[in-house]
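Coordinates in review
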Amino acid sequence: MNFLRGVMGGPSAGPQPSGAETIQKLCDRVASSTLLDDRRDAVRALKSLSKKYRLEVGIQAMEHLIHVLQTDRSDSEIIGYALDTLYNVISNDLEEEEQDDSEEENLPKQVDDLGSQFTEIFIKQQENVTLLLTLVEEFDFHVRWPGVKLLTSLLKQQGPQVQQIILVSPMGVSRLMDLLADSREVIRNDGVLLLQQLTKSNAAIQKIVAFENAFERLLDIITEEGNSDGGIVVEDCLLLLQNLLKNNNSNQNFFKEGSYIQRMKPWFEVGDDNCGWSAQKVTNLHLMLQLVRVLVSPTNPPGATSSCQKAMFHCGLLQQLCTILMATGVPADILTETINTVSEVIRGCQMNQDYFASVNAPSNPPRPAIVVLLMSMVNERQPFVLRCAVLYCFQCFLYKNQKGQGEIVSTLLPSTIDATGNSVSAGQLLCGGLFSTDSLSNWCAAVALAHALQENATLKEQLLRVQLATSIGNPPVSLLQQCTNILSQGSKVQTRVGLLMLLCTWLSNCSIAVTHFLHNPANIPFLTGQIAENLGEEEQLVQGLCALLLGISIYYNDNSLENYRKEKLKQLIEKRIGRENFIEKLGFISKHELYSRAAQKPQPSFSSPDHMMFDHEFTKLVKELEGVISKAIYKSSEEDKKEEEVKKTLEQHDNIVTHYKKVIREQDQELEELKQRVNTLTSQNEQLQATVTQQVSQIQQHKDQYNLLKVQLGKDTQHHNSHSDTFQMNGIQVEEVSKLKEELEEWKNKHELLQGQLREKDSVIEKLKSSQLELGTTEQSSQTSKSGGLEHNNELQKELEMLRTQVQLQSAEISKLQLENQKLQVTNTSADPVLGDSGATAANSSELEGRLQQEIKELKSEVKALSEEKESLKQHLDSSSSTVAILQDEKSKLQQEVAESKKEQDDLLVLLADQDQKLSALKIKLKDLGVPVEDEDDIESGDQGDEDEDGDEEEQD
């Protein structure tokens, strides 16, 4: 108890033991005590001493503490104490330590060394890290939280080594991912910090963490915490997301395919109010913008960048960024980063560039966002970083955007300038910046205008039309002339460098611009004078650019001016400068330190305005032209002549090849059209065949209906026959004789009436007979005219014959009834009862005749309808057959034309092969002469570009 009292600060009668002695005793107690309580108390005492006596505890107690972690896992309290003690020993967090002022100078280095050394001791046995991963799985707060902090500290001290141990450990990364799902925010937040250290510079672990659903969990945490309005937890999650996505193409693709880009849009829903921009919100939004830039960075593969750019447009993220860009009250650093982010989202993506061109600032009247940004760029009162961001945005807007380039240059042309002066155009702002007194504005405007001309020969020629009014009363001068005038006036180095870069970009690959430049007699003497002088280091850069401009004037010279032909300019260099001196001055550009910095990445990033000298795209032009110009300077006149002859020959062959390619394209188009026509006719033929099949089925249905009617008619006939038989079987009963005698007088009176009715019936029967004869003749004529028709016509004729026979039978029965009636008239006395029977029979006969008449009429109408339908079907079938025959003839003609076109194409291919052989021989000769020769694909792309540019020029004219 005295020992514990001394450790815990209680009074002691003897001398106080030193810290090392106390720690030694505690370590012995941890190692030798059999009671868990004693070991727990000893470990707790070591924890309390570990901050003050860090070195002693680390050296003496680390082994014992690791043993406690291995053996006493059942007691969470002692495990927690042991983990806290190890964390205090290994961690470099010294906030709670009190040190003298004299010790603070050497303290950081000693602390770093201690933490790194103790970490190395701990991880020397990989089982210790595996044991720690197992303890992190425990749900107990007093075990899990200290374990997370200890593992984070290990990763800070010896990151790569601990990463490798965790990577090879079974389910090592997956165990740590469970920390993000912990309901206790302290453990979850520290788990995010742990994963930050775990994923640093390790692509394998980054992929595992990403596929363990890290994106979903982190985005959920950011949403729960309030997006950009959240606290430091949002910042930690964003840093972890950056670790997972930066320079990791696999994770970037997974992030895009998982539709996580769409979930980034709510981050940038920021109001227009001037309040609510806390320091943490600014930090969070800054990291969010950086995360967007990671996905669309120019250093990523072009395909991945393009797909992310399109996804950001379709989900509305670009629109939201443009809203922040045009909002008021946004902090300067957030506005600058937003401009940089928008720049990379639209860079090289035509769809996004078109949208950005349509964005207007919320002003009265509305102005395009590009104009508003250019106003900031040429305003010297704006912050330097903001002006650099605007320049980068303008460069990205024009990158691979010929449409945007044309729109910018068109604002400079005389025909499109607003004469009223109510609105300021982009071209006017660029000209104003180009000739202002601020050298930085001069440089930015020159570089921006150079990007408007990048790889666009048509616009370079159109820009020659721009005229500037320098002062009242003086005639206007061209933009090209004004640039050279400012150069000759000896302005600041930054201004001259910007103008020289603009002129080099303008004159490169544009012979007409070179001719305009050489037409001014003061330009060549100025350039040779600048190159020949021996100036200081600051002027060497200007000398190199003057040498480059003079070399471009030689290389792209078409010898249209007699006094400035290639040979004369070379002789001038030889006399005034010297070839070696010229090449040396030309090399000053690529050897400059600022040139190397600008060549690294597209974004202009400079520590100060004085370092703003080179543009990234211009460095590419220098690399392309430096070697070519050096070779052109050393070439003789004979070599130039040979080169020109070879170029002319190549141009002729190129024209022939282009002509044949055009012919082949036209034939391919004709073949495609013929194929489409054949496909159309084939589909029409199939439709007609389907129609014929449908009509045949309809005819079959009509046959079935006809057979059904025939069966029904037979049943009705049988019914009538049985009914008449019943009439005949009825006899005269004896008991009715007396009644008939009494009614004899009455029947005598009706006898005349019956005779009249019989006469009417006789006339009706005669009419029926005549109509049957007509029907028979009609059927006969139709049968003879359609001898090759369908089979059901014969059946119809037979049925009509049967109907005629039935009518004749009915007529015979009626005649029999008439004879009986006559007999009854002769023998009135004996046939009195028969007279009544005869009257009844006559009445029944009249009823039967009426029914037969009605049925005959119905049959006639059905026969007529079937005949008409048969005729129409036959006509339709004949027309379909003729159409099919015509289509087959056209198909055979088209096949013959296709065969002839293929034959012509084969002949053209043979001619092309001969031309290719000649071209290859000429290219070999050119290469032997030292002339750079472009490949056929480059020539073809150049030809297509020229055709497109000619089309654009015609449209603009």
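Residues numbered from 1 in each chain as written. Predicted model: local features only at pLDDT ≥ 70, side-chain atom pairs only at ≥ 80, totals over all residues. Heavy atoms only, no water.

Side note on the overall build of the chain
Helix and strand counts for the chain stand at 42 helices and 4 strands. Counting across all 957 residues of the chain, residues that qualify as buried make up 44%. In the chain, the proportion of contacts linking residues at least 24 apart, taken out of those at least 6 apart, comes to 73%. (Helix = DSSP H or I, 4+ residues; strand = E, 2+ residues; numbered from the N terminus. Buried < 20%, exposed > 50% of the residue type's maximum accessible area, 1.4 Å probe, protein only. Contact = heavy atoms within 4.5 Å.)

Regarding the environment of Gly316
If you trace the backbone, Gly316 turns up in the loop between α17 (302–314) and α18 (317–326). Owing to a relative accessible area of 11%, Gly316 belongs among the buried residues under this scheme. For the pair formed by Gly316 and Pro266, sequence separation is 50 residues and the distance between their alpha carbons is 10.0 Å.

Observations concerning the environment of Lys925
Take Lys925: it is sitting in helix α41 (residues 832–929). Spatially, the C-alpha atom of Lys925 lies 8.8 Å from that of Val646, the residues being 279 residues apart in sequence.

Let's talk about the side chain of Gln163
With respect to the helices, strands and loops of the structure, Gln163 is situated in helix α9 (residues 159–168). Of note is the side chain of Gln163, whose polar atom sits 2.8 Å from the backbone oxygen of Leu198. Among all residues touching Gln163, those that are not within four sequence positions of it are Leu155, Gln197, Leu198, Thr199, Lys200, Asn202 and Ile205. (Polar contact = N/O pair within 3.5 Å; in protein donor to acceptor, adjacent residues only side chain to side chain.)

Observations concerning the packing of helix α19 (residues 332–346) against helix α22 (residues 384–398)
Their axes nearest at 8 Å, the elements α19 and α22 cross at an angle of 15°. By the angle class used here, α19 and α22 are roughly parallel. For the pair α19 and α22, the sense of crossing is left-handed. Taken together, the residues of α22 that come into contact with α19 (itself represented by Leu335, Thr336, Ile339, Asn340, Ser343, Glu344 and Ile346) are Val385, Leu386, Ala389, Val390, Tyr392, Cys393, Cys396 and Phe397. Broken down by class, the residue content of the contact of α19 with α22 amounts to 11 nonpolar, 3 polar and 1 charged. (Axes fitted to C-alpha atoms, helices over the stretch in contact; angles between N-to-C directions. Parallel < 35°, antiparallel > 145°, perpendicular 65-115°, else oblique. Left-handed = near helix turned anticlockwise from the far one by under 90°. Nonpolar A, V, L, I, M, F, W, Y, C, P; charged D, E, K, R; others polar.)

Re unusual backbone geometry
Comment: phi is negative for the bulk of residues other than glycine, and the bulk of peptide bonds are trans. With omega at 0°, the peptide bond leading from Asn364 into Pro365 counts as cis. Within the fold, Pro365 resides in the loop between β1 (360–361) and β2 (367–368). Positive phi outside glycine occurs at Asn247, with the angle close to 60°. Mapped onto the fold, Asn247 is located in the loop between α14 (232–245) and α15 (249–257). By relative accessible area, Asn247 is classed as exposed at 66%. Although it is not a glycine, Glu455 adopts a positive phi angle of roughly 55°. On the secondary structure map, Glu455 appears in the loop between α25 (439–453) and α26 (457–463). Given a relative accessible area of 68%, Glu455 falls into the exposed group.

A short note on the packing of helix α31 (residues 537–555) against helix α33 (residues 579–586)
Running from N to C, α31 and α33 cross one another at 115°; their axes reach a closest spacing of 7 Å. The crossing of α31 and α33 is left-handed. Here α31 contributes Gln543, Gly544, Ala547, Leu548, Leu550 and Gly551 to the contact with α33, which in turn contributes Phe582, Lys585 and Leu586. Looking at the contact of α31 with α33 residue by residue, the class counts come to 5 nonpolar, 3 polar and 1 charged.

A closer look at the packing of aromatic side chains
The tally for this structure, following the rule as stated, stands at 13 aromatic pairs. Taking the centre distance of 6.4 Å and the plane angle of 15° together, the rings of Phe614 and Phe618 count as stacked. Look at Phe614 and you get buried, because its relative accessible area is 2%. Relative accessible area serves as the criterion here: at 3%, Phe618 is assigned to the buried category. Ring pairs connect the aromatic residues Phe211, Phe215, Phe254, Phe255 and Tyr260, which therefore count as one cluster. (Phe/Tyr/Trp six-rings, centres within 6.5 Å; stacked < 30°, edge-to-face > 60°.)

Here's the deal with the pattern of salt bridges
Taken as a whole and assessed by the stated rule, the structure comprises 25 salt bridges. For the salt bridge of Arg579 with Glu574, the shortest nitrogen-to-oxygen distance reads 3.0 Å. One continuous salt-bridge network, built from bridges that share partners, spans Asp37, Arg40, Asp75 and Glu77. (Salt bridge = Lys/Arg side-chain N within 4 Å of Asp/Glu carboxyl O.)

What to know about the side chain of Ser630
Summarising the element assignment, Ser630 is placed in helix α36 (residues 616–634). Those residues in contact with Ser630 that lie beyond four places of it in its chain are Ile583 and Leu586.

Observations regarding the confidence of the model for the chain
Residue-level pLDDT values for the chain average 81, and 75% of them are 70 or greater. A low-confidence stretch, residues 725–737 (pLDDT under 50), is modelled with 6 contacts involving residues beyond four sequence positions or located in other chains. Within the model, pLDDT remains below 50 along residues 953–957, and this stretch shows 6 contacts once partners closer than five positions in the same chain are excluded. (pLDDT = per-residue confidence, 0-100.)

Considerations on a negative patch on the surface
Together, Glu666, Asp668, Glu670, Glu672, Glu673, Glu897, Glu900, Glu904, Asp906 and Asp907 line one region of the surface with negative charge. Put simply, the parts of the chain that give the negative patch at least two residues each are α37 (637–729) and α41. Assignment of secondary structure puts Glu900 in helix α41. (Patch = residues over 30% accessible without salt bridge, like charges linked within 9 Å, V, L, I, M, F, W, Y side chains within 5 Å. Areas by Shrake-Rupley, 256 points an atom, 1.4 Å probe, with all protein chains shown as cover. Lys, Arg positive; Asp, Glu negative; His and termini not counted. Charge placed at Lys NZ, Arg CZ, Asp CG, Glu CD.)

With respect to the state of the cysteines
Covalent bonding between the sulfur atoms of two cysteines defines a disulfide. In total, this model carries 0 disulfides according to the counting rule given. The thiol of Cys546 is not disulfide-bonded; the next cysteine sulfur, from Cys504, is found 8.4 Å away. (Disulfide = S-S within 2.5 Å.)

Focus on α22
Compared with an ideal rise of 1.5 Å per residue, which puts 15 residues at 21 Å, α22 spans 22 Å between its outermost C-alpha atoms and is within 8% of the ideal. The element α22 is extensively covered by neighbouring structure, given that 14 of its 15 residues are classed as buried. Lys400, located one to two residues past α22, shows a positive phi value of around 55°. (Expected span 1.5 Å × (residues − 1).)

Here we look at the environment of Met802
Structurally, Met802 can be placed in helix α40 (residues 792–826). Sequence separation of Met802 and Gly714 is 88 residues, and the distance between their C-alpha atoms is 9.9 Å.

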